[in-house]
Structures are given as structure tokens and as C-alpha cells.
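Below are the chains, spelled out letter by letter.
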Amino acid sequence: MARILITEDEDSLRSFVARALRLDGHETYEAADGAEGLERLSESSFDLLLSDIRMPVMDGIELAHRAASSFPDMKILLMTGYAEQRERADDLAAKIVDVVAKPFALPDIREAVARALAS
């Protein structure tokens, strides 16, 4: 299965998503903000970056830009609960697989991850 880095500033949501993806057999790693996520990306290889857009220190848009340039083979899937943040991801259309709207149910995020990994 896949190695997935989950970058999300809400601890409970990050843990919730990580547990769900581990049930599907994936290896999950976690970061609380974009800067920590970028650091983790430099330490190991990942198949997928699943990141919130709105986070402190470094947001998911900046993280996605840096990750896409440094790790072009890695898939990127973003999540947001804010419509205006989703629009900010438009310039990343060629670099990301999708933007998942929050709140989501476990089957929704699991399906989005499966689609991202299959693309």
C-alpha cells in the first residue's frame, strides 16, 4: 500500500484520517503544519501528500507548490472547509489530484485517497 503524509493543524481530524487510511493498509505519517510537512517530506519518500489548505506557519497551497517542485512524482490531495481556499488552489490544477471539501465522512476521504493514488 501507500506511504501517506497527512498535514493538518487540527489534531483530532489528522488522527481520525490517519486511522481511517491505516485501516486500508496505508502507512500514515503526520505533520501539524506546512513547515513540519515540508520537513517530513525531505526526510522520507511518500506516495501521497494529503494536506489541509488553511494552516498556520505555512499553508497547504505553499506546501503543495514546494512539494510539487521537489517531488514531482508524488500525488497531492488537498482538503478545505472554506470555499475561497478551494479557489486559491486553482493555480495548482496541474500539480494536485483534487481538493476534498470538509467536513467529509470517512468513506469520502478513503475514496478520494484511492482515486488520487490510482491517477
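What counts, and at which threshold
Residues numbered from 1 in each chain as written. Predicted model: local features only at pLDDT ≥ 70, side-chain atom pairs only at ≥ 80, totals over all residues. Heavy atoms only, no water. Helix = DSSP H or I, 4+ residues; strand = E, 2+ residues; numbered from the N terminus. Rg over C-alpha atoms; globule rule 2.2 N^0.38 Å. Buried < 20%, exposed > 50% of the residue type's maximum accessible area, 1.4 Å probe, protein only. Contact = heavy atoms within 4.5 Å. Areas by Shrake-Rupley, 256 points an atom, 1.4 Å probe, with all protein chains shown as cover. Lys, Arg positive; Asp, Glu negative; His and termini not counted. Charge placed at Lys NZ, Arg CZ, Asp CG, Glu CD. UniProt positions renumbered as here; feature names shortened; annotations may be inferred. Arc of directions from axis to C-beta. Polar contact = N/O pair within 3.5 Å; in protein donor to acceptor, adjacent residues only side chain to side chain.

**Looking at the overall build of the chain**
Secondary structure assignment for the chain yields five helices and five strands. Walking the chain from its N terminus toward its C terminus, one meets helices and strands in the order β-α-β-α-β-α-β-α-β-α. Relative to a compact globule of 119 residues, whose C-alpha radius of gyration would be 14 Å, the chain shows 12 Å and is just as compact. Structurally, the chain occupies a C-alpha span of about 30 × 30 × 25 Å along its principal axes. Taking all 119 residues of the chain together, the buried fraction comes to 44%. A sequence separation of at least 24 residues applies to 61% of the contacts in the chain between residues at least 6 apart. Carbon and sulfur atoms make up 49% of the accessible area of the chain, which totals about 5900 Å². A gap of 2 Å separates the mean positions of the 14 positive and 23 negative side-chain charges of the chain.

**Side note on the UniProt feature "modified residue: 4-aspartylphosphate" (unreviewed entry) in the chain**
What UniProt calls "modified residue: 4-aspartylphosphate" (unreviewed entry) maps, in this numbering, to Asp 52. Excluding its chain neighbours within four sequence positions, the residues that come into contact with Asp 52 are Thr 7, Glu 8, Asp 9, Gly 60, Met 79, Thr 80 and Lys 102.

**Things to note about unusual backbone geometry**
Both trends apply: most residues other than glycine have a negative phi, and most peptide bonds are in trans. Each neighbour pair has its own omega, and for Lys 102 with Pro 103 the value is 0 degrees, a cis peptide bond. Among the secondary structure elements, Pro 103 is positioned in the loop between strand 5 (98-101) and helix 5 (106-118).

**Observations regarding helix 2 (residues 34-43)**
Listed in full, the buried residues belonging to helix 2 are Gly 34, Gly 37 and Leu 41. Taken around the axis of helix 2, the buried residues stretch over an arc of 55 degrees, which confines them to a single face. Residues of helix 2 that are exposed and point over 90 degrees away from its buried face: Ser 42 and Glu 43. Of the surrounding elements, those touching the buried residues of helix 2 are strand 1 (3-7), strand 2 (27-31), strand 3 (48-52) and helix 3 (60-70). The distance from a side-chain oxygen at the start of helix 2 to the backbone nitrogen of Ala 35 is 3.0 Å, and the residue carrying that oxygen is Asp 33.

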